[in-house]
Amino acid sequence: FFSGNTKMVLKDVTNAGRDPKRVKGSPQEVVDIASLRAGNEVFYEHSEMSWLEGVVQRVEAKVVLVRDIRTNELHSVTADRIHHHCQHAVGRKEDSAVDSPQSSARNCHDLLSLSDLHQSTLLHTVKLRFSQDLVYTEMGNIVLAVNPFKFTIPQYEDGNMSKYANEMDGLVPHSWQVAHKAFKSMRQSGNNQAILISGESGAGKTESTKTIIKYLGELTKHLTSLGANGKAAQLHEKLNEVNPLLEAFGNAKTLRNNNSSRFGKFIKIQFSGDGFIEGASITNYLLEKSRVVWQSQGERSYHVFYHFLAGCKDKEKYELKNASEYQCVNQGGCLSIDGVDDAANYQQLVRAMEVLGITDMERDNIFCVLAAILHLQNVQFQKLCDDTCTVAAASQGTLATVARLLAIAPESLAKVLTTITTVVRGETIVKNLKAEKAIVTRDTLSKALYNSLFNWLVKKVNDVLVSETASDTAFIGILDIFGFEDFDVNSFEQLCINYTNESLQHHYNEHVFAQELKEYEKEQVDVTSVEYQDNQPCIDLLEKAGGILSLLDEECNFPRATDSTFTQKLYNQHGDHQYFSRPRIAQPTFGVYHYAGAVEYTTTDFLDKNKDALSDNLVAMLDLSSNAFIAALVRGFNLVSAPDAGKAARAATTKPPTLGSQFKTQLQKLKAVIHSTQPHWIRCIKPNMEQAAGKFDAKHVMAQLNSSGVLQTIQMIRNGYPFRVPHGDFWRSFRLLLPRHIMTAGSTDAQICAQLVQHFRDTNIFEQHSHIQCGATKVFMKQKAFEALTRLKRETEAESLNTIQCYARRLLSFVELKRRIGMSIAAVRIQRRYRQWRSQRRLAAVIAMQRCWRARTLR
């Protein structure tokens with residue numbers, strides 16, 4: 001995607017993630033304190049509430065005293081945790097003084113339209129939009145979808161789908177818009193499309209997937225009304241029933257989400273040349289098998305167990321009891337979910353199976369497997385005196401029930417659960433197991449049964465949905481994948497999940513680079529000095545030969561290898577790698593510096609989880625089942641995904657591949673498919689941990705923006721030219737800096753800006769001329785250039801103010817002097833008139849006295 005002579009530097013930011021307090025990829029530009037003045041509006045980073053608005057009260061040598069706008073509390077903040085509030089400095093129109101922040105946020109549908117793109121301005125805008133029930137916000141090709149935890153938002157009701165289908169004006173961002181854009185691009189270009197949905201548990205990934213599928217079906221109905229066959233409508237009905245089926249078997253209640261997807265999936269919807277849905281297929285990734293046998297407090301196992309126990313009418317056939325009596329579903333202490341009717345969901349599940357062509361016999365076999373798992377987990381073991389074990393007497397009846405449901409002999413099942421058979425030099429050796437090992441064998445069988453059943457269901461769905469005639473037609477792929485994870489204890493599953501997100505982030509980085517290039521080339525901007533970070537070294541650490549996954553597979557081939565030997569081998573091989581870290585004190589952990597931050601992994605059970613294969617004894621036992629359905633499941637035990645079922649015959653004659661190698665192969669295929677498509681992104685955001693409507697936890701949202709790669713997008717843009725201001729707004733904002741030789745009258749905005757930018761360069765305002773460039777329609781500035789211009793503007797304003805004050809003081813002094821002279825003259829006149837009046841009064845009084853005296857003397 002690098003075209004022409006344009007060059008871009010891929011910068012490997014090695015140490016950016018090593019500070020645990022600041023995530024890798026976060027913008028960490030330090031504001032020039034000298035550019036701040038008392039009264040300036042700024043964003044400042046709060047330790048608990050992320051970025052908040054404040055006003056500078058006092059600027060000191062190394063810190064700034066900021067007053068919070070909401071609480072009026074004072075905070076002492078360092079320069080690296082302050083960002084200019086740029087809406088008052090640049091890019092502001094003449095009449096925007098009357099616009100409230102809420103109005104500006106409502107009209108800001110695309111965050112890339114912000115004059116200053118920074119994590120503080122991004123968070124501020126998303127928060128304001130969320131408060132106005134605008135939960136979708138664009139950011140270039142990304143759509144941020146903040147889960148509102150309510151379904152009563154008028155502009156997002158299904159009745160508005162037709163507006164998006166008809167491309168009406170004034171539409172707000174929505175996942176429908178993403179689906180429509182992908183559909184329209186596919187129709188016009190004939191290229192395959194991919195919609196990549198990610199986010200943490202409870203962020204709304206599953207709902208977004210269902211919304212997109214529903215909208216694509218509505219588009220098909222829209223075309224049908226214009227004259228099309230009804231086959232697409234039937235296929236859409238089947239496609240809608242896939243969700244209840246897969247949600248029942250693949251979703252569960254967790255502490256974060258009542259309907260959390262515990263697997264990843266890629267749904268490929270195939271379209272005919274006329275735009276009608278012709279077929280679909282599903283590929284599943286990394287089902288969380290451990291949930292079948294264990295759940296944390298407050299969580300549940302997979303929904304289907306509770307649906308089955310609550311809604312099944314023929315409980316005698318499967319010997320079902322209350323859910324509280326089964327160990328594999330009662331460990332979390334949560335047997336029901338508020339507002340969820342498991343019995344009604346069972347009926348919906350049965351209907352979905354009927355629509356998808358699952359026969360009554362197949363449905364009965366599915367329920368037999370589920371019941372067998374429920375009973376199998378209740379089987380207990382009794383220790384013997386020689387430290388071995390046997391099936392407890394109280395569990396003999398339960399064991400017989402499991403054997404009947406699986407159509408195998410109870411003696412064979414008891415033997416494979418409590419013994420292990422190996423062949424050494426042609427001699428068969430049977431060894432009794434300890435109770436702990438027997439429990440592991442029991443759990444392994446349950447997990448393998450459920451995983452194979454899930455893969456069979458996906459394969460069955462594909463057999464119903466896949467169209468043979470649509471193999472060469474365009475498709476829209478929908479990837480519903482697990483988001484980046486970093487828990488208190490991270491294991492092999494988190495490594496695979498984060499490896500996936502690291503690879504997808506690399507693909508996104510490449511796409512953003514291409515989009516940035518298009519923008520710069522369109523604006524005729526030189527980008528030879530632009531640097532971007534590349535996470536390819538981290539991916540190589542995980543997947544290349546000699547990498548973490550490769551070393552794990554290598555250790556699995558050694559009989560005496562342990563988690564400790566694997567950990568030590570990692571230290572020896574990658575101890576000096578820039579993206580790898582080892583603990584300071586001896587413990588079974590290692591760290592990887594991912595794009596979203598450093599994650600520490602605990603290597604306990606890494607080898608067992610990676611092997612992920614049943615023993616030959618268990619496979620042979622189930623292969624002898626008189627139930628053809630159960631026997632057929634054996635062929636899929638060592639497979640991760642349903643589409644790989646065709647390899648079962650070859651896998652049966654060779655050593656089964658490890659889970660890590662299978663997952664890596666799957667991911668390589670997925671990346672190949674995505675690279676061949678036009679991508680679109682939806683980043684789902686969970687606004688709070690309580691799943692409460694209307695609550696916005698800024699710190700939690702900021703963490704998700706980082707883990708989803710949104711902040712890395714900002715960093716890439718900020719490494720280029722984050723300030724992109726239209727010509728007219730730019731020269732009007734900095735009109736005080738216009739030299740006299742630049743004439744605005746009769747000149748276009750582009751001409752004025754070109755002369756002004758050249759003037760700035762000639763006067764050496766910036767460290768480098770490349771810090772500011774004049775494009776075809778915008779002026780592009782780096783952070784330092786913006787700060788330099790802002791500082792120069794304020795200095796010019798201060799100088800102009802001093803001049804104005806000087807003339808004002810002179811004018812006021814003349815006015816004061818004139819006033820005082822006038823007062824002096826007036827005082828003299830008053831005094832003269834007063835003396836004249838007083839002398840006249842005295843003279844009149846004397847004359848009167850004389851007259852009276854004379855009159856008296858005459859009498």
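### Things to note about the nonpolar core
Most often, soluble globular proteins keep nonpolar side chains buried together rather than apart.
Line of reasoning, step 1. Residues Phe 249, Phe 305 and Ile 366 are the most contacted members of the largest nonpolar core, which totals 184 residues.
Line of reasoning, step 2. When residues in this core are grouped by element, the largest group, 13 residues, is from helix H14 (residues 435–465).
Line of reasoning, step 3. Setting aside residues up to four positions removed in sequence, Phe 305 forms contacts with Val 292, Val 329, Leu 370, Ile 373, Leu 374 and Tyr 450.
Line of reasoning, step 4. Counting 20 residues, the second largest nonpolar core, distinct from the first, contains Ile 742, Leu 756, Val 757 and Phe 760.

### Points about helix H11 (residues 360–376)
Line of reasoning, step 1. Between its first and last C-alpha atoms H11 spans 24 Å; for 17 residues at 1.5 Å apiece the expected length is 24 Å, and the two agree.
Line of reasoning, step 2. Where burial is concerned, most of H11 is hidden: 15 out of the 17 residues are buried.

### Concerning the pattern of salt bridges
Line of reasoning, step 1. One pass over the structure, following the stated rule, counts 30 salt bridges.
Line of reasoning, step 2. A salt bridge links Arg 256 to Glu 200; the nearest nitrogen and oxygen atoms lie 3.9 Å apart. Remark: Glu 200 occurs in the loop between strand S9 (193–198) and helix H5 (205–225) and Arg 256 occurs in the loop between strand S10 (251–252) and strand S11 (260–261); sequence separation between them is 56 residues.
Line of reasoning, step 3. Classification of Arg 256 by relative accessible area gives partly exposed; the value is 27%.
Line of reasoning, step 4. The exposure class of Glu 200 is buried, given its relative accessible area of 15%.
Line of reasoning, step 5. Put simply, Arg 351 and Glu 241 hold a salt bridge, and the shortest N to O gap is 2.4 Å. You can see Arg 351 sitting in helix H10 (residues 342–355) and its partner Glu 241 sitting in helix H6 (residues 231–250), a full 110 residues away along the chain.
Line of reasoning, step 6. Because the salt bridges share partners, they merge into one network encompassing Arg 262, Glu 288, Arg 291 and Glu 299.

### What to know about the pairing of strand S3 (residues 50–59)
One face of the sheet, then the other: side chains in a regular strand alternate in exactly this way.
Line of reasoning, step 1. Strand direction decides the pairing type here: strand S2 (residues 41–46) and S3, joined by 6 bridges, are antiparallel. Looking across to S3, one finds that Val 42 is bridged to Gly 54.
Line of reasoning, step 2. A loop of 3 residues connects S2 with S3, the two strands running antiparallel in sequence.
Line of reasoning, step 3. Two strands pair when backbone bridges link them, and S3 and strand S4 (residues 63–68) are joined in this way by 5 bridges, in the antiparallel orientation. Bridge pairing in S4 links Val 56 to Val 66.
Line of reasoning, step 4. Counted between consecutive antiparallel strands, the loop separating S3 from S4 contains 3 residues.

### Some points on the packing of H11 against helix H12 (residues 396–406)
Line of reasoning, step 1. One can describe the packing of H11 onto H12 by two numbers: an axis separation of 9 Å at closest approach and a directional angle of 160°. Judged by the inter-axis angle, H11 sits roughly antiparallel to H12. Crossing hand, H11 versus H12: left-handed. Residues Cys 368, Ala 371, Ala 372, His 375 and Leu 376 of H11 touch H12, and the partners they reach there are Thr 398, Thr 401, Val 402, Leu 405 and Leu 406.

### Observations regarding the sheet that holds strand S26 (residues 778–781)
Line of reasoning, step 1. The strand order across the open sheet built from 3 strands is S24-S26-S25, with neighbouring strands paired in antiparallel fashion. Looking at the sheet topology across the chains shown, the edges are occupied by strand S24 (723–726) and strand S25 (772–774). Taking each pair of neighbouring strands and ignoring which way they run, the sheet shows an average axis angle of 15°.
Line of reasoning, step 2. Where S25 lies against S26, 3 bridges are found, and the strand directions are antiparallel. In the strand pairing of S26, Gln 773 is matched with Phe 780.
Line of reasoning, step 3. Across the sheet, helix H27 (residues 749–762) lies against S25 and S26, angled at about 155° from S25, the strand it touches most.

### Topic: the packing of aromatic side chains
Line of reasoning, step 1. Per the stated rule, a full pass over the model turns up 24 aromatic pairs.
Line of reasoning, step 2. Note on Trp 456 and Phe 629: the rings are 4.9 Å apart at their centroids and 75° apart in plane angle, and the pair reads as edge-to-face. Taken together, the positions of Trp 456 in helix H14 and Phe 629 in helix H21 (residues 628–633) put the pair 173 residues apart, joining distant regions of the chain. Comparing Trp 456 with Phe 629, the two get one shared label, buried.
Line of reasoning, step 3. Ring geometry for Phe 492 versus Phe 606: centroids 5.6 Å apart, planes at 80°, classification edge-to-face. In this pair, Phe 492 sits in helix H15 (residues 492–522) while Phe 606 sits in helix H19 (residues 606–611), placing the two residues 114 residues apart along the sequence. Across the pair, Phe 606 and Phe 492 agree in class, each one buried.
Line of reasoning, step 4. Through a chain of ring-to-ring contacts, three or more aromatic side chains come together here, namely Phe 492, Phe 566, Phe 580, Phe 590, Tyr 601 and Phe 606.
Line of reasoning, step 5. Its guanidinium or amino end placed over the ring of Tyr 306, Arg 300 lies 3.9 Å from that ring's centre, counting from NZ or CZ.
Line of reasoning, step 6. The cationic tip of Lys 793 hangs over the ring face of Phe 734; the distance from NZ or CZ to the ring centre is 5.5 Å.

### Regarding the sheet that holds strand S13 (residues 277–285)
Line of reasoning, step 1. The strand order across the open sheet formed by 7 strands is S7-S8-S23-S9-S18-S12-S13, and the pairing between neighbours is mixed. In this open sheet, the two strands that pair with only one neighbour each are strand S7 (136–139) and S13. In this sheet, neighbouring strand axes are inclined to one another by 15° on average, regardless of whether the strands run parallel or antiparallel.
Line of reasoning, step 2. Where helix H4 (residues 175–189) meets the sheet, it contacts S7, strand S8 (142–146), S9, strand S12 (264–271), strand S18 (475–480) and strand S23 (678–685), and its direction lies at approximately 160° from that of S9.

### Concerning the environment of Asp 553
Line of reasoning, step 1. Assignment of secondary structure puts Asp 553 in helix H17 (residues 548–556).
Line of reasoning, step 2. Residue contacts for Asp 553: discarding those within four places in its chain leaves Asn 610, Thr 658 and Ser 661.

### What about the confidence of the model for the chain?
Line of reasoning, step 1. With 89% of its residues at a pLDDT of at least 70, the chain reaches an overall mean of 85.
Line of reasoning, step 2. This stretch, residues 1–28, has a pLDDT under 50; its non-local contacts, to residues over four places away or in other chains, come to 78 contacts.
Line of reasoning, step 3. Counting contacts from residues 88–99, a segment whose pLDDT is below 50, to residues more than four positions away or on other chains yields 20 contacts.

### Description of the packing of helix H7 (residues 303–311) against H10
Line of reasoning, step 1. Running from N to C, H7 and H10 point in directions that differ by 100°, and their axes come no closer than 7 Å. Considered as vectors, H7 and H10 are oriented roughly perpendicular to each other. Only Asp 342, Ala 343, Asn 345, Tyr 346, Gln 347 and Leu 349 of H10 make contact with H7, whose side of the interface consists of Val 304, Tyr 306, His 307, Phe 308, Ala 310 and Gly 311.
Line of reasoning, step 2. When grouped by side-chain class, the residues that make up the contact of H7 with H10 number 7 nonpolar, 4 polar and 1 charged.

### Section: H14
Because each turn of an α-helix spans 3.6 residues, side chains separated by three or four positions in sequence point in the same direction.
Line of reasoning, step 1. If you check H14, its first and last C-alpha atoms are 45 Å apart, about what 31 residues at 1.5 Å a residue would give, namely 45 Å.
Line of reasoning, step 2. In terms of residue burial, H14 counts as a mostly covered element, since 22 of its 31 residues are buried.

### Quick look at the side chain of Asn 40
Line of reasoning, step 1. Of note, Asn 40 is situated in the loop between strand S1 (9–11) and S2.
Line of reasoning, step 2. For Asn 40, a relative accessible area of 15% corresponds to the buried category.
Line of reasoning, step 3. Only 2.6 Å separates the side chain of Asn 40 from the backbone nitrogen of Arg 37, close enough to count as a polar contact.
Line of reasoning, step 4. There is a polar contact of 3.5 Å between the side chain of Asn 40 and the side chain of Arg 794.
Line of reasoning, step 5. Discounting residues that sit within four places of it in the chain, Asn 40 has contacts with Ser 35, Gly 54, Val 55, Val 56 and Arg 794.

### A word on the pairing of S4
Line of reasoning, step 1. For S4 and strand S5 (residues 74–78), the ladder comprises 5 bridges, and the chain directions are antiparallel. By the bridge assignment, Arg 67 is partnered in S5 with Leu 74.
Line of reasoning, step 2. In this structure, the hairpin formed by S4 and S5 is closed by a connection of 5 residues, where Asn 72 is found at a positive phi of approximately 65°.

What counts as what
- Residues numbered from 1 in each chain as written.
- Predicted model: local features only at pLDDT ≥ 70, side-chain atom pairs only at ≥ 80, totals over all residues.
- Heavy atoms only, no water.
- Core = buried A, V, L, I, M, F, W, Y, C linked by side-chain atoms within 4.5 Å.
- Buried < 20%, exposed > 50% of the residue type's maximum accessible area, 1.4 Å probe, protein only.
- Helix = DSSP H or I, 4+ residues; strand = E, 2+ residues; numbered from the N terminus.
- Contact = heavy atoms within 4.5 Å.
- Expected span 1.5 Å × (residues − 1).
- Salt bridge = Lys/Arg side-chain N within 4 Å of Asp/Glu carboxyl O.
- Pairing = 2+ DSSP bridges.
- Axes fitted to C-alpha atoms, helices over the stretch in contact; angles between N-to-C directions.
- Parallel < 35°, antiparallel > 145°, perpendicular 65-115°, else oblique.
- Left-handed = near helix turned anticlockwise from the far one by under 90°.
- Phe/Tyr/Trp six-rings, centres within 6.5 Å; stacked < 30°, edge-to-face > 60°.
- Lys NZ or Arg CZ within 6 Å of the ring centre and 35° of its normal.
- pLDDT = per-residue confidence, 0-100.
- Nonpolar A, V, L, I, M, F, W, Y, C, P; charged D, E, K, R; others polar.
- Polar contact = N/O pair within 3.5 Å; in protein donor to acceptor, adjacent residues only side chain to side chain.

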